[in-house]
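If you want the building blocks of each chain, they are given just below.
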Amino acid sequence: MADKIGVSVVGCGFFAQNHLNAWRDLAKDGVELIAVCDIDAAKAKAAAEKFKVPRWYTDLDVLLAKEKPGLIDIVTRVETHREQVLKTVAKGIPTIVQKPFGFDLGDCRAMTLAAKKAGVFLAVHENFRFQAPLRRITELLRQGVIGTPSWGRVSFRTDYDIYTGQPYLLNETRFVINDLGVHVCDLARAFLGEVEHVTCETQRRNPKAKGEDTATMMMKHVNGAVSMVECTYGAHRLPDIFPQTLIELEGPKGAIILYKNFDLEIMVGGKITKEHADAEVLHWAARPWHIIQESVLATNAHILNALRSGKPADVSAEDNFKTFACCEAAYKSAESGKAVALEPLQ
Ligand code: NAD
Ligand code: 89V
């Protein structure tokens, strides 16, 4: 059994339930949930009771004064990320923060540089690249099965009612790019490499939403590859495949296509190899969210392993800064009608 590590979860709302379940599953790897925190006492208490966490708090400052977590997992909404991360990093506590990393690139830069300066481990819980079919694609690319891809499409299109579980999304002034764009841009980077510039058009199809609910992005990658990166909460398609991401990648030796329902086809040398790349439905998960829920466990396990090995996570703050830079460039492109180059960290 690995050494014990005390984990505190901050924010016990809708999505934190997945994190709490995942950390509980990682008890076999030495994880001990030592405290939870939510400004809503009822949520903090309920999480503590359900997950048998010994202590709960309604104020992060009090938690930080009383506890000595080996890792803090921040699962609050974006408007609190910067303040909370700056506090945990100032205390030298290894930290994970949910996506979107910040509201804008200025937030992401402030948190990344603070952690860098203090030498504190900081990772972003960017979980899509850890979904089972997307892990399989990463593996195939690392094996060089299709060579280095020069073209790709990453697509997340749904009109699933996300607003019941996450009603705040209707009020976000930066909506779909901050919420889903971070995932699809991260996948474009993970599969096709770093991005040079982004062109983007946004649409607001749902009149009840304050911000854009549809984004169509085109990316030029540093190595010359090109990708189409799309996300929408306003597609009226049947069947609705929420929350699946579809992928197309073309390389010099062949192509990899992830169709709906996790059907993966690898096309090389004039032959098609078919795989079914669905995720396990974990004991606390349920379809259709199981694909995301299993990725939360995989993301937490990866980040924990990186922390223990003294390495940055694949989804470190510095890495995720580059993903968010794509999103910031997408917003600027949609406003200006021009291709926008990515901003560097410093
Ligand atoms: P939520 O509103 O349901 O939960 C947030 C919780 O944080 C609430 O219970 C709230 O009381 C608490 N909170 C607010 N301010 C706090 C503070 N200062 N200290 C402690 N607690 C505080 O929101 P949610 O839907 O759970 O979203 C949380 C985060 O998870 C968001 O960043 C969202 O984008 C992200 N999310 C990620 C995925 C994914 O697949 N990666 C899916 C859904 C949501
Ligand atoms: O925040 C998110 O990642 C979500 C999703 C519905 C994709 O889980 O909005």
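To keep things clear, this report deals only with the structure shown in the data block. Owing to the predicted nature of the structure, the values given are computational and were not obtained by experimental measurement.

### A look at unusual backbone geometry
For the bond running from Lys-99 to Pro-100, omega is -15°, close enough to zero to count as cis. In this structure, Pro-100 sits in the loop between β5 (95–98) and α5 (105–118). The step from Arg-287 to Pro-288 runs through a cis peptide bond, and the omega angle for that step is 0°. Looking at the element boundaries, Pro-288 is found in the loop between β14 (271–276) and α8 (290–309).

### Quick look at the environment of Phe-101
In this fold, Phe-101 is placed in the loop between β5 and α5. The buried category is assigned to Phe-101, whose relative accessible area is 0%.

### Overview of the pairing of strand β4 (residues 71–74)
Taking every second residue as pointing to the same face, both faces of β4 are buried, with Leu-71 and Asp-73 on one and Ile-72 and Ile-74 on the other. In this sheet, β4 lies alongside strand β1 (residues 5–10) in parallel orientation, the contact comprising four bridges. Its bridge partner lying in β4, Ser-8 is registered against Ile-72. The sheet contact formed by β4 and β5 spans three bridges and is parallel. Within β5, the residue paired with Ile-72 across the bridge is Thr-95.

### Structural notes on the site of ligand 1
As a matter of local geometry, ligand 1 sits amid 24 residues, with Phe-15, Asp-38, Arg-77, Lys-99 and Tyr-168 nearest to it. At 3.1 Å, a side-chain N or O of Asn-127 approaches a nitrogen atom of ligand 1. When contributions to the shell around ligand 1 are tallied by element, the ones reaching two or more residues are α4 (78–90) and α7 (176–192). If you tally residues by element for the shell around ligand 1, the top one is α4, at three residues. In terms of residue class, the shell around ligand 1 is built from eight nonpolar, ten polar and six charged. Residues from two domains meet in the shell around ligand 1; each of domain 1 (5–128 + 300–316) and domain 2 (129–280 + 322–341) gives at least three.

### As for α7
At Val-182, α7 is deflected by roughly 40°, the largest bend along its length. Counting buried positions along α7 yields 16 of 17 residues, so the element is predominantly enclosed.

### Let's talk about the site of ligand 2
The environment of ligand 2 is made up of Lys-99, Phe-128, Ile-162, Gln-166, Asp-179, Leu-180, His-183, Tyr-233, Phe-242, Trp-289 and Ile-292. In the model, an oxygen atom of ligand 2 is placed 2.6 Å from a nitrogen or oxygen of the His-183 side chain. Within the side chain of Tyr-233, a nitrogen or oxygen atom sits 2.8 Å from an oxygen atom of ligand 2. Burial of ligand 2 by the protein amounts to 93% of the accessible area it has alone, namely 270 Å².

### A short note on the packing of aromatic side chains
If you walk through the whole model with that rule in mind, you get eight aromatic pairs. The interplanar angle of 90° and the centroid separation of 6.3 Å between the aromatic rings of Phe-156 and Phe-242 together place this pair among those described as edge-to-face. You can see Phe-156 sitting in strand β7 (residues 151–157) and its partner Phe-242 sitting in the loop between β10 (226–232) and β11 (246–251), a full 86 residues away along the chain. Like Phe-156, the residue Phe-242 is buried in the burial classification. Pairing Tyr-163 with Phe-175 gives two aromatic rings, centres 6.2 Å apart and planes at 55°, and the pair type is tilted. With a gap of twelve residues between them, Tyr-163 in the loop between β7 and α7 and Phe-175 in the loop between β7 and α7 connect regions that are remote in the sequence. This pair shows no difference in class: Tyr-163 is buried, exactly as Phe-175 is. An aromatic cluster is defined as three or more aromatic residues linked by ring pairs; in this entry it consists of Phe-14, Phe-128, Phe-156, Tyr-160, Phe-242 and Trp-289.

### So, the pattern of salt bridges
Using the criterion set out here, one finds 26 salt bridges in the structure. Measuring nitrogen to oxygen at the nearest pair gives 2.7 Å for the salt bridge that ties Asp-186 to Arg-129. Linking Asp-186 in helix α7 with Arg-129 in the loop between β6 (122–125) and α6 (132–142), this pair joins segments that are 57 residues apart in sequence. Two residues, Glu-328 and Arg-174, come together in a salt bridge whose shortest N-O distance is 2.8 Å. Here the residue Glu-328 occupies a position in helix α9 (residues 317–336), and Arg-174 occupies one in the loop between β7 and α7, the gap between them amounting to 154 residues. Judged by relative accessible area, which is 9%, Glu-328 ranks as buried. Connected via shared salt-bridge partners are Arg-129, Asp-186, Arg-189, Glu-194, Asp-319 and Lys-322.

### Regarding the nonpolar core
Counting residues in each nonpolar core, the largest one holds 117 residues, and the members touching the most others are Ile-137 and Met-217. In terms of domain composition, this core takes at least three residues from each of domain 1 (5–128 + 300–316) and domain 2 (129–280 + 322–341). The contact partners of Met-217, leaving out residues within four places of it in the chain, are Gly-181, Val-184, Cys-185, Val-198, Thr-199, Cys-200, Ser-227, Met-228, Val-229, Cys-231 and Ala-330.

The rules behind the values
Residues numbered from 1 in each chain as written. Chains lettered and ligands numbered in written order. Predicted model: local features only at pLDDT ≥ 70, side-chain atom pairs only at ≥ 80, totals over all residues. Heavy atoms only, no water. Helix = DSSP H or I, 4+ residues; strand = E, 2+ residues; numbered from the N terminus. Buried < 20%, exposed > 50% of the residue type's maximum accessible area, 1.4 Å probe, protein only. Pairing = 2+ DSSP bridges. Near = heavy atom within 4 Å. Polar contact = N/O pair within 3.5 Å; in protein donor to acceptor, adjacent residues only side chain to side chain. Nonpolar A, V, L, I, M, F, W, Y, C, P; charged D, E, K, R; others polar. Domains from an automatic or database assignment. Bend = angle between axes of the 7 residues up to and from the residue. Areas by Shrake-Rupley, 256 points an atom, 1.4 Å probe, with all protein chains shown as cover. Phe/Tyr/Trp six-rings, centres within 6.5 Å; stacked < 30°, edge-to-face > 60°. Salt bridge = Lys/Arg side-chain N within 4 Å of Asp/Glu carboxyl O. Core = buried A, V, L, I, M, F, W, Y, C linked by side-chain atoms within 4.5 Å. Contact = heavy atoms within 4.5 Å.

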